[in-house]
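# Geometric and topological summary
So the chains spell out like this:
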Amino acid sequence: MLGVIDVMLPFWGPPAYLYQAVDSVLAQDTGDWRLTIVDDHYPDGSVAEHFAALGDERIRYIRNEVNLGITDNYRKCLSLVEADYMMFMGGDDVMAPGFLRSVRQGLDRFPQADIVQPGVQVIDEDGVVYQPLSDKVKQLMTPKSKQGILLAGESVAVSLLHGDWLYWPSLVFRTEAIKRAEFLDGYPLVQDLGIVLQMLSQGARMIVLPEVVFNYRRHQASASSAKLMDGGRFAGERSFFALQARKMAAVGWRKAARAARMHLTSRAYALTLVPQAIKARSIPSLGTLLQHAASVANPNPRSTS
């Protein structure tokens with residue numbers, strides 16, 4: 001029987017969203033979970049007071065003495081995991097009451113799975129369900145099956161490198177499998193894809209479940225959204241995809257290496273932002289977006305072509 005699932009919640013952001021996220025864990029219709037909030041030194045002392053007052057032994061609150069940043073806080077969360085399965089829940093996301101039950105049922109059907117992608121819907125700042133263009137594309141690219149589907153190997157990597165259809169905060173991992181992978185320094189906004197690609201190249205298997213049981217919050221204040229128009233995200237993505245092209249080639253996955261070099265969806269997304277840059281009369285942003293849309297990732301860092 002599947003035991004306790006460690007829900008790790010790396011936190012930095014508005015406490016009101018955090019409390020909603022925690023309340024959604026408390027509302028699960030199965031009780032076999034343990035929640036650990038790792039506060040990355042957010043400047044609000046009331047957060048610690050809030051969790052001290054809860055008095056729930058299933059909830060552990062830890063505050064970092066200094067701000068570690070996104071990647072190192074993920075590493076710390078993973079080091080604290082004790083259960084056989086775990087997840088990195090977002091501090092502004094919301095589980096449906098049946099989230100963990102659905103995950104358990106999926107693992108009962110596919111006990112060999114190392115990664116679980118449950119069904120996800122997107123909510124805005126106010127919790128209203130909506131579907132921006134990027135998420136419409138994700139939905140179109142996500143493998144579908146009424147009973148859930150087991151995936152593995154290079155074909156999954158190719159699909160994800162063409163367009164990342166995963167929702168990182170909703171993923172549940174076999175702890176043993178994710179601990180064999182390493183977080184990449186320097187790629188805080190795409191490191192989630194990097195972890196999954198590493199796991200797949202190491203033989204990990206993934207299940208995609210149909211039941212929508214997780215609410216992923218997308219809003220303009222997010223770190224990834226803030227980097228879009230200044231080009232920071234796309235500059236990082238070009239470097240990331242070049243790195244993945246090298247990694248995929250190193251394990252003999254030629255189709256995946258090519259998909260990394262092309263990163264078609266990422267380049268197309270940059271094009272969709274061009275009208276915003278024109279409207280804002282931001283010449284630097286426009287140049288960055290057009291450069292990314294036209295660029296194929298170069299896996300050879302010494303080459304200038």
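Note: the structure precedes this text.
Residues numbered from 1 in each chain as written. Predicted model: local features only at pLDDT ≥ 70, side-chain atom pairs only at ≥ 80, totals over all residues. Heavy atoms only, no water.

## Quick word on the packing of helix α6 (residues 154-162) against helix α8 (residues 191-201)
Where we set the bar: Geometry is summarised by axes, namely lines fitted to C-alpha atoms with helices restricted to the contacting stretch, and by angles between N-to-C directions that run from 0 to 180 degrees. Helical segments are the DSSP runs of H or I of at least four residues, strand segments are the runs of E of at least two, and each set is numbered from the N terminus. The cut-offs work like this: below 35 degrees is roughly parallel, past 145 is roughly antiparallel, 65 to 115 is roughly perpendicular, and the gaps in between are oblique. It is the rotation of the near helix from the far one that decides the hand of a crossing: anticlockwise by less than a right angle makes it left-handed, clockwise makes it right-handed. Note on contacts: a residue pair qualifies if any of its non-hydrogen atoms lie within 4.5 Å across the two residues. Here the nonpolar group is Ala, Val, Leu, Ile, Met, Phe, Trp, Tyr, Cys and Pro; Asp, Glu, Lys and Arg are the charged ones; every other residue, Gly included, is treated as polar.
Relative orientation of the contacting elements α6 and α8 amounts to 165°, with a least axis distance of 10 Å. One element, α6, and the other, α8, form an angle in the roughly antiparallel class. As for how α6 packs across α8, the hand of that crossing is left-handed. Along the contact surface, α6 presents Val156, Ala157, Leu160 and Leu161, while α8 presents Leu193, Val196, Leu197 and Leu200. Broken down by class, the residue content of the contact of α6 with α8 amounts to 8 nonpolar, no polar and no charged.

## Section: helix α3 (residues 70-79)
Cut-off, in case you're wondering: In this scheme, a residue with accessible area under 20% of its type's maximum is buried, one over 50% is exposed, and one in between is partly exposed, where area comes from a 1.4 Å probe on protein chains only. For this quantity, the arc is that covered by the directions from the helix axis to the C-beta atoms.
Residues of α3 that are buried include every one of Thr71, Asn73, Tyr74, Cys77 and Leu78, and no others. Down the axis of α3, the buried side of the element spans an arc of 165°, and every buried residue falls inside it. Looking at the packing, one finds that the buried side of α3 touches β1 (5-11), β2 (33-39), β4 (85-88), α7 (175-178) and α8.

## Some details on the nonpolar core
Basically, it comes down to this: Throughout this description, the term nonpolar core refers to a set of buried Ala, Val, Leu, Ile, Met, Phe, Trp, Tyr and Cys residues connected via side-chain atoms within 4.5 Å.
Of all hydrophobic cores here, the largest spans 48 residues; its most connected members are Phe88, Leu160, Phe173, Val196, Met199 and Met206. At the level of elements, α3, β4, α6, α7, α8, β9 (205-217), α10 (232-250) and α11 (254-262) are the ones that each hand at least two residues to this core. Non-local contacts of leucine 160, meaning those with residues more than four positions away in its chain, are made with Trp165, Leu166, Leu193, Val196, Leu200 and Met206. Listed in part, the 38 residues of the second largest apolar core include Leu18, Leu107, Phe110 and Tyr216.

Purely spatial values, then, with no claim about function.
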